[in-house]
Amino acid sequence: LLAHTYRTNGDSRSARRHLTAALKSLGIADDSNRIDRARLMNNIGVCSGDVGDHEEARTWFEKSVREHATSVSTLNLARCYRELGDGEAAHELLTSWISHSPTNADARLLLGTVAAELGRPDEAIATLESLIQSGTTGPAPYASLGWVLSDERHDYEAALRLLEEG
């Protein structure tokens, strides 16, 4: 709670310090505290990213995913890889996660975006069109697909129709 208050007030360094202390207070890692440890590691990663230390954030997100992967920690790690310029690692992680959780719209949206950034417009279009057809999302996949159609395919008419639909 104290760490949340610090982060809410823009003091992610203090939040990180308190989260690290909470992690240490759990003692020896075992199955009884694995989920709590993973959650704390993820939150330390978030705070590290907030202060611009993306390498440290990556380390904490990786630890969190190894301890107990959740969609939140996996997406945070993928976003961190992307922030650090490692689109291939983000792509691999998201592809693996989606194979276990195929209905995760956030992961599919990020995968479509990463695929486009990696110069894989066919994959990006297929991923984003599938996401749109699922009917479970808001406007974000429309915007991402519009970007791919206009910037990668130079199909401005299709992009405009899509954006009007979305």
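Okay, so let's go over this structure. (Residues numbered from 1 in each chain as written. Predicted model: local features only at pLDDT ≥ 70, side-chain atom pairs only at ≥ 80, totals over all residues. Heavy atoms only, no water.)

1. A closer look at the overall build of the protein
A count of helices and strands for the protein gives ten helices and zero strands. Ordering the α and β elements of the protein from the N terminus gives α-α-α-α-α-α-α-α-α-α. If you line up the protein on its principal axes, its C-alpha atoms span 55 × 30 × 25 Å. Taken across its 166 residues, the protein has 42% of its residues classed as buried. Of all intrachain contacts in the protein linking residues separated by at least 6 positions in sequence, the fraction that spans at least 24 positions is 42%. As displayed, the protein has an accessible area near 9100 Å², and 50% of this comes from carbon and sulfur atoms. (Helix = DSSP H or I, 4+ residues; strand = E, 2+ residues; numbered from the N terminus. Buried < 20%, exposed > 50% of the residue type's maximum accessible area, 1.4 Å probe, protein only. Contact = heavy atoms within 4.5 Å. Areas by Shrake-Rupley, 256 points an atom, 1.4 Å probe, with all protein chains shown as cover.)

2. Concerning the packing of aromatic side chains
Scanning the entire structure with this criterion turns up zero aromatic pairs. If you follow Lys63 out to its NZ or CZ, it ends over the ring of Trp60, 4.4 Å from the centre. (Phe/Tyr/Trp six-rings, centres within 6.5 Å; stacked < 30°, edge-to-face > 60°. Lys NZ or Arg CZ within 6 Å of the ring centre and 35° of its normal.)

3. Describing helix α2 (residues 12-25)
Compared with the 20 Å implied by 1.5 Å per residue over 14 residues, the 20 Å span of α2 between its first and last C-alpha is a close match. Just beyond α2, the residue with positive phi is Gly27, at close to 75 degrees. (Expected span 1.5 Å × (residues − 1).)

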